[in-house]
2 protein chains.
Amino acid sequence: MNTPSHLSSGLWRHPRDRSRGYRGLEHWLDLARTLEAGGIDVLFLADVLGVYDVYGGSPDAALRAGAQVPVGDPLQLVPAMASVTETLGFGITASVSFEHPFPFARRISTADHLTNGRIGWNIVTSYLSSGALNLGVDGQVAHDRRYDIADEYLEVCYRLWEGSWSDDAVLADAASGVYVDPGKVRPIAFQGEFFRVPGLHLAEPSPQRTPFLFQAGASSRGLRFAARHAEAVFVAAPSDAVLAKQVAAVRAAVAEAGRDPDSVPVINQQTVVIAETDATAHALYREYLDVADPIGAAVLLSGWTGIDFSALDPDAPLAAQGSNAIQSVVDAFTSADPSRVWTPREIADYARIGGDGPVIIGSPETVADALERSVETTGVAGFNLAATVVPEGWEQLTQQLVPELRRRGRRPAAPRSGTLREKLGGAGARVTETHPAAGFRHTP
Amino acid sequence: MNTPSHLSSGLWRHPRDRSRGYRGLEHWLDLARTLEAGGIDVLFLADVLGVYDVYGGSPDAALRAGAQVPVGDPLQLVPAMASVTETLGFGITASVSFEHPFPFARRISTADHLTNGRIGWNIVTSYLSSGALNLGVDGQVAHDRRYDIADEYLEVCYRLWEGSWSDDAVLADAASGVYVDPGKVRPIAFQGEFFRVPGLHLAEPSPQRTPFLFQAGASSRGLRFAARHAEAVFVAAPSDAVLAKQVAAVRAAVAEAGRDPDSVPVINQQTVVIAETDATAHALYREYLDVADPIGAAVLLSGWTGIDFSALDPDAPLAAQGSNAIQSVVDAFTSADPSRVWTPREIADYARIGGDGPVIIGSPETVADALERSVETTGVAGFNLAATVVPEGWEQLTQQLVPELRRRGRRPAAPRSGTLREKLGGAGARVTETHPAAGFRHTP
């Protein structure tokens, strides 16, 4: 995220941490160069357009912790990072609740042009009420309704990206003097329940047209939405047992939506702490824990779950302080370690590093073993590796993990080139025929 | 503009023109490097979020000409260009009609951080109906009402930029563990007629806070808006006589708004065609005219004036085909050359190079003479020099005009550094005390 502290709260306090540099371009250009040189496929930037104010009913604790606040626009970082890289892909989060699809579709087309097709969009429907309130909306739109709006939002975008301009609309022909053949551009004439967009897309066809689409949907309605639209699905499973179930659920939903389950990779959120040996890695993890911030972690947990952790008894078993919402937190953490009875304090302590996702600590061999086991036993296709201490956390990935995975034949020797869609397994730059966007293609 | 053809229609057809490169980053990085090395202060990027469809009642002619379509998001270009420059300033156009002020304010704060305070915003209220229609708004909001909405939009932005975070709110203090002092951040609790924004700004204080503000307002309501908010005013006066009147009108309106007229420079839109001698410059101008596109020019004129030039008699005097709207076009062009009786064809032919603004053709000395005369006789402070053939038009400015202006002591030897506000004459990085934004500053 374009913020000093994403999932591992308080690591900005570490003496070697340089995350304060997030305000300037060099920080991001260094990151992009490091990842590309180190053989990473994609840099993913999350976002929230709101502040975590469930904890204590105010944003104060989030501010004090620097828990995803301050936070800047991620999209503006992408072209600058693309200018110093050739193959690195980029994913950004943007909510369908915060910008009308007409200007949003243009922004993404611009990014796809500027990056030569290296942009992906993580579609979110927004989970922080504070964001919606700041756009003049009272509370959040009902959950299922949000997905109905999102479906229509996507249809508008697909019609603009795929349907408005034919592939050969731009002639830029000095001899005839014609820049665009108007017979090959059409207004989308869209009139839906929530949006009305009569005109044509303002950007000419970009390499991918529809950007590569990420989505993370946990609810049944969210999973149905992801199964219809996503080309890769993010999950945050705390253990391989849970991950295997989630991968199976995504695959079943994708098949149900009439698409090939093999065409939609599942990517697990994953934090790793790597050092030369297991012992030094565990020492490093303890060093990180020492500066990490359990209140920051509780702020994030409160925002994600809607439960105010400051109002719970920190030392009573969480399950005993029950509600349906609490049960899902209990399920997540007991599945991480079923032998424990988790208290709110223990959960927040645990979540200091890696937030709601799993953490693997060890030598490159140990971490690679765990990731390989995860791939083999769950069907997960890849990992969204979260930042820890910056920049050493980046370097653990590129200097220690990737070389080990290469030795095992799990990573290519050179980064894959082409568009983000091709990099992530697609047959070409454009969405496949079975993706709903393909149904809106311009046909003369 | 992030488009192949801005004001001079059809120059993309010129054999030396490279404007088709607008889709990729190298085009923009080259432009930024060229301008900075050549001593230009600011790169200004206009924008429209719509298509010119008044001419012939359809976008076809605009598409054929490439008249400001296709067109991409300008903001994403800025951080990439900032990464290869140190002092060049950037201005971008954004309409208050197309994005809610809460996310917009964050975008601009992000840009201000990433550029180290080198960003400016040209506030527009939008003039193309096609843009509004695509956001589900029937027709355009009444003109004066648009400015009421814009005033409130600015107030929301000012409260977010200036009022939400105190200068010393960010501690990022590892010892105490506090990133932000919550006592120094406050929600703006804004409840207006058009917008409701209860929360706090998501970005931490950036170098300028409020970006440097440009505005172009021609109507009396527009002028009042500009006089209140603008820190520099754009005009497009076709002659020094008209320019002198416009400068006087802006100064009077600024004084009326309680601000110092000397603090609000007026900048005229200006196209120049420069070569070694006057004769070679005129030959170059004729060469440009030969490939330029009178229909593209008529498409732009139709969009700006609301008059469908395709429905006029091309060879009858324009004044005789009267309406109030036509009268303003007549006034503009007769003031450019009062000795002529203009027909629609002649106007479109004339507007092929430079659109609705003036054109100066000649040697560096001749052009510098004309610009100096304009400054001395009208009170204009500077010029917004429009692109012609790319990149040679850029090079005419940096390799021919700037050196001549330097010889005359009209340009500094090295580009001025600091924030855009300081570069354009401000006493510091922040708005002055008499600017309305200053009234919203965070005071503990």
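Residues numbered from 1 in each chain as written. Chains lettered and ligands numbered in written order. Predicted model: local features only at pLDDT ≥ 70, side-chain atom pairs only at ≥ 80, totals over all residues. Heavy atoms only, no water.

1. Comments concerning the overall build of chain A
For chain A, the count of helices and strands is 15 helices and twelve strands. Expected size for 444 residues packed as a compact globule is a radius of gyration near 22 Å; at 22 Å, chain A falls within 12% of this value. Principal-axis analysis of the C-alpha atoms places the extent of chain A at approximately 75 × 50 × 40 Å. Pairs at least 24 apart in sequence give 77% of the contacts found in chain A among residues at least 6 apart. Looking at chain A, you have 38 positive and 52 negative side-chain charges, and the mean spots of the two groups are 2 Å apart. (Helix = DSSP H or I, 4+ residues; strand = E, 2+ residues; numbered from the N terminus. Rg over C-alpha atoms; globule rule 2.2 N^0.38 Å. Contact = heavy atoms within 4.5 Å. Lys, Arg positive; Asp, Glu negative; His and termini not counted. Charge placed at Lys NZ, Arg CZ, Asp CG, Glu CD.)

2. Describing unusual backbone geometry
Backbone torsion omega between V69(A) and P70(A) reads -5°, so that peptide bond is classified as cis. Among the secondary structure elements, P70(A) is positioned in the loop between α2 (60–65) and α3 (77–82). Within the chain, A189(A) stands out as a residue other than glycine whose phi angle is a positive 45°. Among the secondary structure elements, A189(A) is positioned in the loop between β5 (178–180) and β6 (190–191). Positive phi values are uncommon outside glycine, yet Q68(B) reaches one of about 60°. Assignment of secondary structure puts Q68(B) in the loop between α2 (60–65) and α3 (77–82).

3. Let's talk about the interface of chain B and chain A
Listed per partner, the contact involves 71 residues of chain B and 71 residues of chain A. In terms of surface lost to chain A, no three residues of chain B exceed Q76(B), N134(B) and Y179(B), which account for 13% of the buried area on that side. At the boundary of chain B and chain A, one finds eight salt bridges. Notably, a salt bridge pairs D47(A) with R106(B), separated by 2.7 Å at the nearest N-O pair. Here chain B and chain A share 26 residue pairs in polar contact (both at pLDDT 80 or more) between them. Ranked by residue count, the leading element in the side of chain B that touches chain A is helix α4 (residues 101–114) of chain B, at eight residues. Of the residues that constitute the side of chain B that touches chain A, the class distribution is 43 nonpolar, 14 polar and 14 charged. (Buried area = accessible area lost by both parts, 1.4 Å probe. Salt bridge = Lys/Arg side-chain N within 4 Å of Asp/Glu carboxyl O. Polar contact = N/O pair within 3.5 Å; in protein donor to acceptor, adjacent residues only side chain to side chain. Nonpolar A, V, L, I, M, F, W, Y, C, P; charged D, E, K, R; others polar.)

4. Here's the deal with the relation of the copies chain B and chain A
Both copies of the chain are related by a screw-like operation: a rotation about an axis and a shift along it. Least-squares fitting of chain B to chain A yields an RMSD of 0.0 Å, with the superposition described by an axial translation of 0.0 Å and a rotation of 180°. Seen this way, the second copy is the image of the first under a two-fold rotation axis. Across chain B, the smallest distance between a C-alpha and the rotation axis is recorded for A80(B), namely 2.0 Å. Taken together, the interface assignments show that 100% of the residues at the interface of chain B recur at the interface of chain A, consistent with an identical surface on both copies. (Least-squares fit on C-alpha atoms with pLDDT ≥ 70 in both.)

5. Focus: the UniProt feature "binding site: FMN" (unreviewed entry) in chain A
Residues and elements named next belong to chain A. Within this structure's numbering, the places UniProt gives as "binding site: FMN" (unreviewed entry) are D47, T93, H143, Y147 and S219. Following the sequence through the fold, T93 ends up in strand β2 (residues 89–95). Look past the residues within four positions of T93 in its chain and what remains in contact with it is F44, L45, A46, D47, P74, N122 and V124. Within the secondary structure, S219 is located in the loop between β8 (212–215) and α7 (220–229). Setting aside its immediate chain neighbours within four residues, S219 contacts H143 and Y147. (UniProt positions renumbered as here; feature names shortened; annotations may be inferred.)

6. Comments concerning the packing of helix α6 (residues 143–163) of chain A against α7(A)
All names here are of chain A. Contact pair α6 / α7: the axes reach a minimum separation of 10 Å and the direction vectors enclose 15°. It follows that α6 is roughly parallel to α7 by the angle criterion. Relative to α7, α6 is oriented so that their crossing is right-handed. When α6 is examined against α7, the residues H143, D144, Y147, D148, A150, D151, L154 and Y158 are found in contact with a partner set consisting of R221, G222, F225, R228 and H229. Across the contact of α6 with α7, the residue classes break down as five nonpolar, three polar and five charged. (Axes fitted to C-alpha atoms, helices over the stretch in contact; angles between N-to-C directions. Parallel < 35°, antiparallel > 145°, perpendicular 65-115°, else oblique. Left-handed = near helix turned anticlockwise from the far one by under 90°.)

7. Some points on the packing of aromatic side chains
Where two aromatic rings form a pair, the distance of their centres and the angle of their planes describe that pair. Residues and elements named next belong to chain A. Across all of its chains, the model carries 26 aromatic pairs over all chains by this definition. Residues F214 and F234 carry aromatic rings whose centres are separated by 4.9 Å and whose planes lie at 5° to one another, so their mutual orientation is stacked. One end of the pair, F214, is in strand β8; the other, F234, is in strand β9 (residues 232–235), with 20 residues separating them in the sequence. Judged by its relative accessible area of 2%, F214 is buried. A relative accessible area of 11% places F234 in the buried class. (Phe/Tyr/Trp six-rings, centres within 6.5 Å; stacked < 30°, edge-to-face > 60°. Buried < 20%, exposed > 50% of the residue type's maximum accessible area, 1.4 Å probe, protein only.)

8. Things to note about helix α9 (residues 278–291) of chain A
Residues and elements named next belong to chain A. If you check α9, its first and last C-alpha atoms are 20 Å apart, about what 14 residues at 1.5 Å a residue would give, namely 20 Å. Of the residues making up α9, those classed as buried are A281, L284, Y285, Y288, L289 and V291. Looking down the long axis of α9, one finds its buried residues gathered within 165° of arc, a one-sided arrangement. In α9, the exposed residues that point more than 90 degrees away from the buried face are A279 and D290. Looking at the buried positions of α9, the neighbouring elements they touch are β10 (266–274), α12 (344–350), β11 (359–362) and α14 (392–407). (Expected span 1.5 Å × (residues − 1). Arc of directions from axis to C-beta.)

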